[in-house]
Amino acid sequence: MSIESQFNLIAKEYDGSRRKFIPCFDDFYGSTTECIVSNIKEPGIVVDLGAGTGLLTYFWHRHCRTSRFVLVDSADEMLNVARKRFEGAETISYSVENYIHTLPDVPFDAVISALSVHHLEEAEKRSLFAKLYDRLPGGGLFVNYDQFCAGEPELNRWFDSFWESQLAKSGLTARDRELWKERRKLDRECSVEQETAALKESGFKTVKCVYSCQKFSVIVAIK
């Protein structure tokens, strides 16, 4: 089953279970976003890649009230949830497309993404980073909230095992955990170090992991 099909299947349930799937949810989405936006000029246009139900945009929108947001996802049912979330918000628009092939034709100042880029193959990641660097203005930034491997196989087994044990105690149903295991087959994780190096090779002058908790990290890249 394709990534789009799997995420369309769970679209209506996605937000309700997100906190259970991400043990560090509040810091990952909330505190980290607040730290980032408190240190930058409010962007004119923010593009959210693999936006899904608009969860990450929700956290950015709370702090960036004058910014325009473009939510990009190839799973239209996921974006339908976002449309309901932001109903009536004139500063938010939607684009159903695969961002690997096409980026929105707008002069964006910031690009954000959550739990999407790790589905890409290494060559696709590098191609995306190069395109983002080319399209962003000087001082523009890319922020990737994502899932990573530990880099060391033994430590990665630790992180995976502990994550699975947390999910077993989270209140998720057996069906939820089975669907999670199926989606995990689509993961193409790299380490934070590998992604940081790839972003620097794409030309970004400042690249830093600003948050990390086992499988989940946030990387900021500034042009």
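Heads up: the structure comes first, above all this text.
Thresholds, definitions, all that
Residues numbered from 1 in each chain as written. Predicted model: local features only at pLDDT ≥ 70, side-chain atom pairs only at ≥ 80, totals over all residues. Heavy atoms only, no water. 1 Å grid on protein atoms, 1.4 Å probe; cavity = no way out; pocket = protein on both sides within 12 Å on 5 of 7 lines; lining within 4 Å. Points joined across faces, edges and corners; volume = space filled by probe spheres on them. Helix = DSSP H or I, 4+ residues; strand = E, 2+ residues; numbered from the N terminus. Nonpolar A, V, L, I, M, F, W, Y, C, P; charged D, E, K, R; others polar. Axes fitted to C-alpha atoms, helices over the stretch in contact; angles between N-to-C directions. Parallel < 35°, antiparallel > 145°, perpendicular 65-115°, else oblique. Left-handed = near helix turned anticlockwise from the far one by under 90°. Contact = heavy atoms within 4.5 Å. Buried < 20%, exposed > 50% of the residue type's maximum accessible area, 1.4 Å probe, protein only.

Enquirer: I would appreciate a short explanation of the layout of surface pockets in the present structure.
Expert: Where empty space is left in the structure can be found by rolling a water-sized probe over the atoms. A volume near 180 Å³ is recorded for the second largest pocket. Lining the second largest pocket, in full, are Leu 120, Glu 121, Glu 122, Lys 125, Arg 126, Phe 129, Arg 188, Glu 189, Cys 190, Gln 194, Glu 195 and Ala 198. The set of elements that each furnish at least two residues to the lining of the second largest pocket consists of helix H6 (122-135) and helix H9 (192-201). Examining the composition of the lining of the second largest pocket, we find that four residues originate from one element, H6, more than from any other. Of the residues assigned to the lining of the second largest pocket, the class counts are four nonpolar, one polar and seven charged.

Enquirer: What is the right way to look at the packing of helix H7 (residues 153-168) against helix H8 (residues 174-184) in this model?
Expert: Any two packed helices are characterised by the angle at which their axes cross and by the distance between the axes. Direction vectors running N to C along H7 and H8 enclose 155°, while the axes themselves pass 11 Å from each other. Relative to H8, the element H7 lies roughly antiparallel. As for the relative orientation of H7 and H8, their crossing is right-handed in sense. Residues Asp 160, Trp 163, Glu 164, Leu 167 and Ala 168 of H7 form the contact with H8, whose own contacting residues are Arg 177, Trp 180, Lys 181 and Arg 184. When the residues that make up the contact of H7 with H8 are grouped by side-chain class, the tally is four nonpolar, no polar and five charged.

Enquirer: What should I look at first to understand unusual backbone geometry in this one?
Expert: A positive phi angle, near 55°, is found at Leu 115, a position not held by glycine. As for its placement among the helices and strands, Leu 115 is situated in the loop between strand E4 (110-114) and H6. Exposure remark for Leu 115: the relative accessible area of 9% places this residue in the buried category. In this model, Gln 214 sits at a positive phi of 55°, which is unusual for a non-glycine residue.

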